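Now for the letters of each chain:
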Amino acid sequence: MGIVKVLEVISSSENSIEDAIQNAVNEVSKTVHNIDSVYIKDIKAHVKDGKVTSYGCVCKVSFRVDQSKDV
């Protein structure tokens, strides 16, 4: 049986929600391998003078833990 861990991260983008999600995956990928999925827990948009200026999301990034074969 494999073990899956979940990291909760906050990400943002000035372009789109999709870009904010990709930014989260890009950052987590720098130190974590075997990412399987991303669950979007929350989405928000910042507004200034009646226009959306940036998008943000809270992401739960799931990844498989490498297990030693010596166990």
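Residues numbered from 1 in each chain as written. Predicted model: local features only at pLDDT ≥ 70, side-chain atom pairs only at ≥ 80, totals over all residues. Heavy atoms only, no water.

Scanning the chain for helices and strands turns up 1 helix and 3 strands. When the helices and strands of the chain are placed in sequence order, the string is β-α-β-β. For the chain, the C-alpha radius of gyration of 15 Å lies well beyond 11 Å, the compact-globule estimate for 71 residues. C-alpha atoms of the chain, sized along the principal axes, occupy 60 × 20 × 15 Å. Looking at the chain as a whole, 23% of its 71 residues are labelled buried. (Helix = DSSP H or I, 4+ residues; strand = E, 2+ residues; numbered from the N terminus. Rg over C-alpha atoms; globule rule 2.2 N^0.38 Å. Buried < 20%, exposed > 50% of the residue type's maximum accessible area, 1.4 Å probe, protein only.)

With that out of the way, let us pick up the sheet that holds strand β2 (residues 35-48). An order of β1-β3-β2 is seen for the 3 strands of this open sheet, with the pairing classed as antiparallel. Both edges of this open sheet fall to β1 (4-13) and β2, since each of them pairs with a single strand only. Sheet twist, expressed as the mean angle between neighbouring strand axes with direction ignored, is 15°. Pairing geometry for β2 and strand β3 (residues 51-64), over 12 bridges, is antiparallel. Bridging from a neighbouring strand, I40 pairs with C59 of β3. (Pairing = 2+ DSSP bridges. Axes fitted to C-alpha atoms, helices over the stretch in contact; angles between N-to-C directions.)

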